[in-house]
Amino acid sequence: MVKTIDELLQDCFPSIFTQETKSLQSPYYPIPSKPAQRKRKHSAGKKPKECAFQNSSVPTITYDSYNVTKSPMDKNCYKVIRFPNRLSACLISQLDYIPHDSLECIDPSTFCFTEVQDFNENIVQMHQNIGTDPDDMSLLERATSYLWYQSVDEISDDDPPDDDVAEPALKKLKYEPQPRNEKDPCIDTNFGISICVTVGSLNDPKEFAGMAHLCEHCIFEGTRTYPNSWNLLQENTLHVNAYTGKERTVYYAHTETLKELRTVASIFADMIMHPLLTDEIINREILSIDSESSMRQSNDIIRLFDLFTFLAKTSHPLRRYHAGDASTLSKPKVCETLRKWHQKYYQPHNIIVSIQGPISVPDLINLAGEYFYSLSATRCPKYPSTEIRSFGFPFQCATYNKIYKVCPYEDIQWLVVSWTMPQDIWRNHATKPLEELKIQSIGPKRRIFDEIRMKNAFKFHFENEALNFATTGVSLHINEDSPTCILTAPALVTKYDPQVIRDCLMHLRPDNMNIMIMSKKFQKQVVQLHPNILTEFGAFNISDELLRSLESCHDFHGNFHIPKVNRYITTDFCRPLENSVGNLSVLFCLSYLHSTGKACLVSTHETAQPGYPDMAIYTFMITSSLFPSSNPENSVYSKLWAKILMEKITARYYDAIDAGLRLGVSVAENGLFMHLFGLSRFLPDIWLKMLDDFWNFEVDRQMFEDFTELEIKCYGNNSLSPMTLAQDLVMYITSTRHLLQGSLQLYMQTNANYESFLQYTKRFKGRMWICSQLFGTVTNNQLETIAKSLAELKYNALVPQEICTNHCYILPVGEKCFRVKSMSSKCYTSFVINYYQLGNSSREEVATCHLIAQELSSFIFDELRAKQQIGYLVWTVFDESYSVSSLKVCIQFQADRYTPGYVNEKIDEAFADFYEKHIKRDIDLKKVLKKRCTTTTVKRFGKKDGTIQPGETFRKLSVQVVGSKRNASSCPKEAEFEDIKVKRYDSGEPKQEPANSNLEFLTLDTPKNLTSENGYFLTNLLVFRNQLFLYPNCGSTTS
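Criteria and cut-off values
- Residues numbered from 1 in each chain as written.
- Predicted model: local features only at pLDDT ≥ 70, side-chain atom pairs only at ≥ 80, totals over all residues.
- Heavy atoms only, no water.
- Phe/Tyr/Trp six-rings, centres within 6.5 Å; stacked < 30°, edge-to-face > 60°.
- Helix = DSSP H or I, 4+ residues; strand = E, 2+ residues; numbered from the N terminus.
- Buried < 20%, exposed > 50% of the residue type's maximum accessible area, 1.4 Å probe, protein only.
- Lys NZ or Arg CZ within 6 Å of the ring centre and 35° of its normal.
- Pairing = 2+ DSSP bridges.
- Axes fitted to C-alpha atoms, helices over the stretch in contact; angles between N-to-C directions.
- Contact = heavy atoms within 4.5 Å.
- Salt bridge = Lys/Arg side-chain N within 4 Å of Asp/Glu carboxyl O.
- Parallel < 35°, antiparallel > 145°, perpendicular 65-115°, else oblique.
- Left-handed = near helix turned anticlockwise from the far one by under 90°.
- Nonpolar A, V, L, I, M, F, W, Y, C, P; charged D, E, K, R; others polar.
- Patch = residues over 30% accessible without salt bridge, like charges linked within 9 Å, V, L, I, M, F, W, Y side chains within 5 Å.
- Areas by Shrake-Rupley, 256 points an atom, 1.4 Å probe, with all protein chains shown as cover.
- Core = buried A, V, L, I, M, F, W, Y, C linked by side-chain atoms within 4.5 Å.

Focus: the packing of aromatic side chains
Turning to step 1, where the next piece is worked out: Taken as a whole and assessed by the stated rule, the structure comprises 32 aromatic pairs.
Turning to step 2, where the next piece is worked out: A ring pair is formed by F859 and F914, whose centres lie 5.5 Å apart and whose planes are at 55°; its orientation type is tilted. With a gap of 55 residues between them, F859 in helix 27 (residues 843–867) and F914 in helix 28 (residues 900–917) connect regions that are remote in the sequence.
Turning to step 3, where the next piece is worked out: For F859, a relative accessible area of 11% gives the class buried.
Turning to step 4, where the next piece is worked out: Three or more aromatic residues joined by ring pairs make a cluster, and in this case those are Y637, W641, F694, F697, F704, Y754, F757, Y760 and F764.
Turning to step 5, where the next piece is worked out: Cation over ring: R319 sits above F310, and NZ or CZ is 4.2 Å from the ring centre.
Turning to step 6, where the next piece is worked out: Above the ring of W695, the side-chain terminus of K765 is found at 5.7 Å from the ring centroid.

What follows is the structure, encoded as structure tokens:
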């Protein structure tokens, strides 16, 4: 029999959850707006906590609380409570319980070891014999999380402490919260709130797949109290958004002040319980969801995931298309069904509120109570999880145990192997046998288990602090056996149970697996089509011969073996490093590097706080005369070199990366960028070997050819995205040294060879300049090691004249348009970037334009996304590249509904409306705009001539990528004044075909009657660019 949360809590705490208490929470209440004081029966010393509002007119609230166990190093205070209306709240106070000015009273040599070691030993006992039914995943989905997700697992404690928040007992230190130090950049002073409704796409009605997703969209569209809720949220938040999962829907926001948080909490509470949900809103948001769905069709990760769920039984909700589109939602009675669905599931007992901020726990309780305590239910509580469990296991062996060959959108090859597992596998939270799947052929090994435990314990206690990430959200899993939660417990592995591990590994049999292979090679073998995301696939039986072959290859002919002891997984990370003085050689090396001009080394030493590991970050920017370059050889070889280096480093230091160290090699605009992050004791030795891989670089011909083939595919795949292609074209047209992805792909296909690549790496190292920065715990001995390694390199210094710089072209006054077809016939979305060039600006003007761009971004999103539903992705950004300011408006939309010309005109109309409604009222801003900003010169399209009236500084470029129409008979809306623009700007040179321009991969989509090149439509980018000047105007053209 499936029990509800309340029944489980009553079984666990009969002394608290008495029959009298339960009757007060009968299926048909509502909770009165001013609840009277309730009398409850309690066990000795176990009374519900009460908290009075600061406002005496508000009655005292009552709640049941759950204990929270956390790492001793976690500075936040937590409280988990449940109000009488069954709404749960997770409250996170970010007032430091380890005051910064009291750290000197802690013994740094013993504090961390004592506290963390005691915690790790106790958690093993707490984890014994505890499990959760895997069908209760909906309980886990009662999580309230946003941005960085912190998970919460359950523990068992027969004698939970009386205190609501189980704070660790800090030695020699009392808990005296202090005001946050605003000068400390590592401390987050922002507030956050999120509301998790424990219902998701698995609860969609059978006839309306995507109902949960549609409801999430409509929730933001206003209430009776707040008809413009979305605008209010944008005005009072740093960020606000939502997402829909399988078993939960989460709404979240970040604010800068407590006042804004109160406003957002009030709006959230009202919009969750009382949204308008008018027919107009619902039908409008169906268009938005359909637009969002069209973008999923070009994302292979999503396509593969949706195909996997499509393999479920036809009767199981997992099979439904959870994102939804017009075909699943544009049906009769959808509006009525959505309103009933919302009323059924959006009830207090299905809601968890999470609030965080630098205020005390009592204040957080007051805040939660003020806005969520009196929310009342309108029907008998029903838990969404009970519906999901009734459908049983989603897959059938006859459908699941097959090979699925899938044709991808991009030119990629993926292999995904999965197995069905017993449901009780997930009960073993302490052992977590799935952590050791990689050692099936040799069985459980204690050393491997211990390494996994130590590695995960490090993440549990220190990783977030080391990265200076403020905790911005918490997932809450209310334990069935005790009102005690443990934060981030999924990271902890505490109990070695070889039998549990062995039983788990035994299920990884070839006859129990599902194989999915993605490759372009299967284009002629696929015979089925996913009805929503249009994924082409074919299902094939796993042959007996293949099964026998897989069953006989347990050790893969000795290629796999137990790894050696990972020396980077350590438990002595809390021992303070000695910042030894070292000798004069470090000063000599630094002076030598500075005097020769070969390198720059900057080090900032900061001793870690007592009890925390000594961490450091090393960065190295290696600049050569070959960067940046418009030479395609230099461009493709630098990226190829970085990827091969990264592959070699990953292979050599896989154990370090597995232990949490972060190593990387990439290509930046000015050269190769190498970085290291992790425990400072390991970084110098790793850097020396990374430097050796760079300086004494070697690669065999086969590896070169393999990576060349991979890079060719990467360039081609990047161009398949209409957004990437449009951004690529804007950079190519407006800057001097940017090369198109398609051009680089063509070059690699025809010119790349092994010998010239090796020659390039040698020429690169001939003349260089290295800029290195070391941050964190960096001793003088470590600094000396890094300085010596750079000083010993034999290369010539790069003089300033040899450092190439990028410049922006000055666009001609007026408006230009470059329109091409998408690189894939299966891309059903178009993309438009309107680039408004502002030119060189002063610091004051740049600051003003930043502020204007923020307001403009909200305005254009509201006009083109929320009201007109032009496209799902709509954003505006202010950019300052190479000292040239610009505004960009980007929109991705369905090719079936609109033409790029129509969208371009709507953007200009939104600009004009923004000027009339906002800028014109502010005299100071108006003065600035008259000088620099394009909005003063953008006029509303008139019926008389229908064109933009360009001013003296109006420079606009519209880059448009046209997708394919999914329905060939569709008639997208056309531009109203495009023909007039062509005639108005038809005064350039005769049209030239793009022959011999290295842009043959582009297919123009311009009017057939176009006759001139430099009119409104551009047809040859090389001719156009060669006639442009540079910023600042040097008076000569560039080649």
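From this point on, the discussion continues.
Here's the deal with the environment of G192
Turning to step 1, where the next piece is worked out: Structurally, G192 is set in strand 7 (residues 191–197).
Turning to step 2, where the next piece is worked out: Judged by its relative accessible area of 0%, G192 falls in the buried class.
Turning to step 3, where the next piece is worked out: Residues G192 and H239 lie 47 residues apart in sequence; the distance between their C-alpha atoms is 9.5 Å.

Focus on unusual backbone geometry
Turning to step 1, where the next piece is worked out: Look at Q869: it is not a glycine, yet its phi comes out positive at around 55°.
Turning to step 2, where the next piece is worked out: Checked against the element boundaries, Q869 lands in the loop between helix 27 and strand 26 (873–881).
Turning to step 3, where the next piece is worked out: Accessibility expressed as a relative area gives 2% for Q869, which makes it buried.
Turning to step 4, where the next piece is worked out: Despite not being glycine, Y882 has its phi angle at roughly 55°, a positive value.
Turning to step 5, where the next piece is worked out: Assignment of secondary structure puts Y882 in the loop between strand 26 and strand 27 (884–894).

A few points about the pairing of strand 10 (residues 351–357)
Turning to step 1, where the next piece is worked out: By the criterion of burial, strand 10 is predominantly enclosed, with seven of the seven residues buried.
Turning to step 2, where the next piece is worked out: Alternating positions in strand 10 separate into two faces, I351, V353, I355 and G357 on one and I352, S354 and Q356 on the other, with burial throughout.
Turning to step 3, where the next piece is worked out: Relative to strand 10, strand 4 (residues 88–93) is paired through six bridges, and the arrangement is parallel. Residue pairing in the sheet places L91 in a bridge with I355 of strand 10.
Turning to step 4, where the next piece is worked out: Relative to strand 10, strand 7 runs antiparallel, the two being bridged by six bridges. The residue of strand 10 that forms the bridge with I193 is I355.

Notes on the sheet that holds strand 25 (residues 829–839)
Strand pairs in the sheet, formed through backbone hydrogen bonds, run parallel or antiparallel to each other.
Turning to step 1, where the next piece is worked out: Overall, mixed pairing links the five strands, which are arranged 24-28-25-27-26 in an open sheet. With one partner strand each, in any of the chains shown, strand 24 (814–821) and strand 26 form the two edges of the open sheet. Averaged over all pairs of adjacent strands, the angle between strand axes in this sheet comes to 15°, irrespective of strand direction.
Turning to step 2, where the next piece is worked out: Pairing geometry for strand 25 and strand 27, over 10 bridges, is antiparallel. Paired with S830 across the bridge in strand 27 is F893.
Turning to step 3, where the next piece is worked out: Each of strand 25, strand 26 and strand 27 touches helix 27; the most contacted strand, strand 26, lies at about 165° to it.

Comments concerning the pattern of salt bridges
Turning to step 1, where the next piece is worked out: This structure, assessed with the given rule, holds 23 salt bridges.
Turning to step 2, where the next piece is worked out: Salt-bridge contacts for E784 lead to K788; the nearest nitrogen and oxygen are separated by 3.5 Å. Here E784 and its partner K788 are both found in helix 26 (residues 780–791), four residues apart, which amounts to about one turn of the helix.
Turning to step 3, where the next piece is worked out: Owing to a relative accessible area of 9%, E784 belongs among the buried residues under this scheme.

A look at the packing of helix 5 (residues 211–219) against helix 8 (residues 279–296)
For any two helices packed against each other, one specifies the crossing angle of their axes together with the interaxial distance.
Turning to step 1, where the next piece is worked out: At a minimum axis distance of 9 Å, the contact between helix 5 and helix 8 shows a crossing angle of 120°. With respect to their mutual orientation, helix 5 and helix 8 come out oblique. When you trace helix 5 past helix 8, the crossing you get is right-handed. Together, H213, L214, H217 and C218 of helix 5 and I281, I282, E285, I286, S288, I289 and E292 of helix 8 make up the contact between the two elements.
Turning to step 2, where the next piece is worked out: Classifying every residue of the contact of helix 5 with helix 8 gives six nonpolar, three polar and two charged.

Examining the packing of helix 22 (residues 701–720) against helix 24 (residues 741–750)
Turning to step 1, where the next piece is worked out: Where helix 22 meets helix 24, the closest approach of the two axes is 8 Å, and the angle between their N-to-C directions is 155°. As judged from the angle between their axes, helix 22 and helix 24 are roughly antiparallel. Classified by chirality, the crossing of helix 24 by helix 22 is left-handed. Between helix 22 and helix 24, the contacting residues are T708, E711, I712, Y715, G716, N718 and S719 on the first element and Q741, G742, L744, Q745, M748 and Q749 on the second.

Comments concerning a nonpolar patch on the surface
Turning to step 1, where the next piece is worked out: Taken together, the side chains of I301, W414 and V416 present a nonpolar region at the surface, about 260 Å² in accessible area.
Turning to step 2, where the next piece is worked out: With respect to the helices, strands and loops of the structure, I301 is situated in helix 9 (residues 300–310).
Turning to step 3, where the next piece is worked out: Look at I301 and you get exposed, because its relative accessible area is 57%.

Quick word on the nonpolar core
Turning to step 1, where the next piece is worked out: One finds I686, F694 and F764 to be the most contacted residues of the largest nonpolar core, which totals 67 residues.
Turning to step 2, where the next piece is worked out: Ranked by residue count, the leading element in this core is helix 19 (residues 632–652), at nine residues.
Turning to step 3, where the next piece is worked out: Once residues within four sequence positions are removed from consideration, F764 is found in contact with I622, S624, L626, F627, W641, L672 and F694.
Turning to step 4, where the next piece is worked out: Grouped together as the second largest cluster of nonpolar side chains are 62 residues, A212, C218, A253 and I282 included.

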